[in-house]
Amino acid sequence: RDSSTSRGLGDVYKRQLLGKAMEATNRITPPTVLIISATDSGGCAGMQADLRVCASLRVFAVCAVTAVTAQNSLGVKEVLPMPGELVRQQIQCAVEQQKPQAVKIGLLPDVSVMRSVFETLSELGVSDIIFDPVMAATAGKLIEDDRQKWIDTLLGYLSNITLLTPNLPELEMLGRKSLEKPEEIDNAVKQLRRLYGAKGVLVKGGHGIAANKCVDKLFSAGRNDVLTLTSEEIHTCNLRGTGCSLSTAIACYMALGCGLEEAEEKAHKYLQKAILSGKRYCYDAGSGPVDHFVNL
């Protein structure tokens, strides 16, 4: 036989084996989250943290890498954005493997990658998008494009996002103004809703103005009241990747069937436990991550 015939028979045999294996497998669809973020060679944030959160909460993760970074807690040495077309193909392959119930987006290093991500998600009909608008890491700069161009492009996609999760400095950059009072934070979120169609917005309180407390404020779509979650400040240097971890945990709980507010409440409690447990560890670079596996 010629080689093409042999390959054809081999493919048939593989399909038969796969068919038998699938018949013997329980037909339970796993809760799934699509992780779209960059790598962190220091292991504390980004894709590495995202996948640990998914594993900890027993959610299946498919993923697309937006950039490869050389970084650790001491600094960001290099950022290599992925080509937009490669990001598109990664998302397509991920969704083909298992369609997610929620999406977590982290670092989008340039406008090309951002456009590829949102256009592809729209084409595939994937919704429940949680976007953590990473503009800089604790260790340094991550966005390669002009920041204002990047922000202007993002504002055009806000209506596609289920939940935006900025910290206070990120909200200031999005709103182009300093925020020093609680009412100024509320007004900044209202402006994002009025001008750009933002839906849910979670303002993370790690950089907040409340003394000795961390206050998260959730502005849910279609509601005028604000869900406020307060926790005591935990003194530890192991706080790298907390923003990544919180937004990923929210996506996981949504994939598990929780509504937005319930998902935020559970994610908030999970992160607090992870921070408290993680403070017992010491890392060579000084600061490290939270204990993602605290609940196992």
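Worth saying up front: this structure is predicted, and the values here are computed from it rather than measured. (Residues numbered from 1 in each chain as written. Predicted model: local features only at pLDDT ≥ 70, side-chain atom pairs only at ≥ 80, totals over all residues. Heavy atoms only, no water.)

Describing the overall build of the protein chain
For the record, the criterion: Under the DSSP-based scheme used, a helix requires at least four consecutive residues in state H or I and a strand at least two consecutive residues in state E, with every element numbered from the N terminus. Computation of the radius of gyration draws on C-alpha atoms, with the globule rule given as 2.2 Å multiplied by the number of residues to the power 0.38. Working definition: with a 1.4 Å probe on protein chains only, accessible area under 20% of the residue-type maximum means buried, over 50% means exposed, and in between means partly exposed. Contact criterion: two residues are considered in contact whenever any of their non-hydrogen atoms come within 4.5 Å of each other. Reported accessibility uses the Shrake-Rupley method at a 1.4 Å probe radius. Residues are deemed covered only where the shown protein chains occlude them. Within this scheme the basic residues Lys and Arg register as positive and the acidic residues Asp and Glu register as negative, but His and the chain ends are omitted. In plain terms, the charge of a residue is placed at NZ if it is Lys, CZ if Arg, CG if Asp and CD if Glu.
Along its length, the protein chain carries nine helices and twelve strands. Computed over the C-alpha atoms, the radius of gyration of the protein chain is 20 Å, within 12% of the 19 Å expected from 2.2 N^0.38 for a compact globule of 296 residues. Dimensions of the protein chain, computed from the C-alpha atoms along their principal axes, are close to 75 × 45 × 40 Å. When the 296 residues of the protein chain are sorted by exposure, 49% land in the buried category. Nonlocal contacts in the protein chain, meaning residues at least 24 apart in sequence, comprise 69% of its contacts between residues at least 6 apart. Carbon and sulfur atoms provide 52% of the accessible area of the protein chain, an area that totals close to 14,300 Å². Once the 33 positive and 33 negative side-chain charges of the protein chain are each reduced to a mean point, those two points are 4 Å apart.

Some details on the pattern of salt bridges
The test is simple: Salt bridges are defined by distance alone: a side-chain nitrogen of Lys or Arg within 4 Å of a carboxyl oxygen of Asp or Glu.
Applying the stated criterion to the full structure yields ten salt bridges. Measuring nitrogen to oxygen at the nearest pair gives 2.7 Å for the salt bridge that ties aspartate 132 to lysine 204. Here the residue aspartate 132 occupies a position in the loop between β6 (129-131) and β7 (136-137), and lysine 204 occupies one in the loop between β10 (200-203) and β11 (213-219), the gap between them amounting to 72 residues. The pair aspartate 132 / lysine 204 is uniform in exposure class, with both members buried. The partner of lysine 217 in a salt bridge is aspartate 186, and the shortest N-O contact between them spans 2.8 Å. Of this pair, lysine 217 sits in strand β11 while aspartate 186 sits in helix α7 (residues 182-196), and the two are 31 residues apart along the sequence.

Topic: the nonpolar core
To keep things clear, this is the line we draw: Buried Ala, Val, Leu, Ile, Met, Phe, Trp, Tyr and Cys residues form a nonpolar core when they are joined through side-chain atoms within 4.5 Å.
In this structure, Ile105, Leu121 and Ile250 are the most contacted members of the largest nonpolar core, which totals 81 residues. With eight residues, helix α8 (residues 242-255) is the largest single contributor of residues to this core. In contact with isoleucine 105, other than residues within four places in its own chain, are Ile36, Val117, Phe118, Leu121, Ile129, Ile130, Phe131 and Asp132.

Thoughts on the packing of helix α3 (residues 84-97) against helix α4 (residues 111-124)
Going by this rule: For every element, the axis is a line fit to its C-alpha atoms; helices are fit only across the contacting stretch, and the angle between N-to-C directions ranges from 0 to 180 degrees. For classification purposes, angles smaller than 35 degrees are called roughly parallel, those larger than 145 roughly antiparallel, those between 65 and 115 roughly perpendicular, and all remaining angles oblique. Less than a right angle of anticlockwise turn of the near helix away from the far helix marks a crossing as left-handed, whereas a clockwise turn marks it as right-handed. Gly falls in the polar group here, along with every residue not listed as nonpolar (Ala, Val, Leu, Ile, Met, Phe, Trp, Tyr, Cys, Pro) or charged (Asp, Glu, Lys, Arg).
Contact pair α3 / α4: the axes reach a minimum separation of 8 Å and the direction vectors enclose 30°. What the angle tells us is that α3 and α4 run roughly parallel. The way α3 lies across α4 gives a crossing that is right-handed. Every residue of α4 that contacts α3 at Gly84, Glu85, Val87, Arg88, Ile91, Gln92 and Val95 is listed here: Ser112, Val113, Ser116, Val117, Glu119, Thr120, Leu121, Glu123 and Leu124. Tallied by class, the residues present in the contact of α3 with α4 amount to seven nonpolar, five polar and four charged.

What to know about the pairing of strand β3 (residues 67-72)
Put simply, the rule is: We treat two strands as partners when DSSP finds at least two bridges between them.
By the alternation rule, side chains of β3 split into Ala67, Thr69 and Gln71, which are all buried, and Val68, Ala70 and Asn72, of which none is buried. Bridge analysis of β3 against strand β4 (residues 75-81) gives six bridges, and the strand direction is antiparallel. Along β4, the bridge assignment pairs alanine 67 with proline 81.

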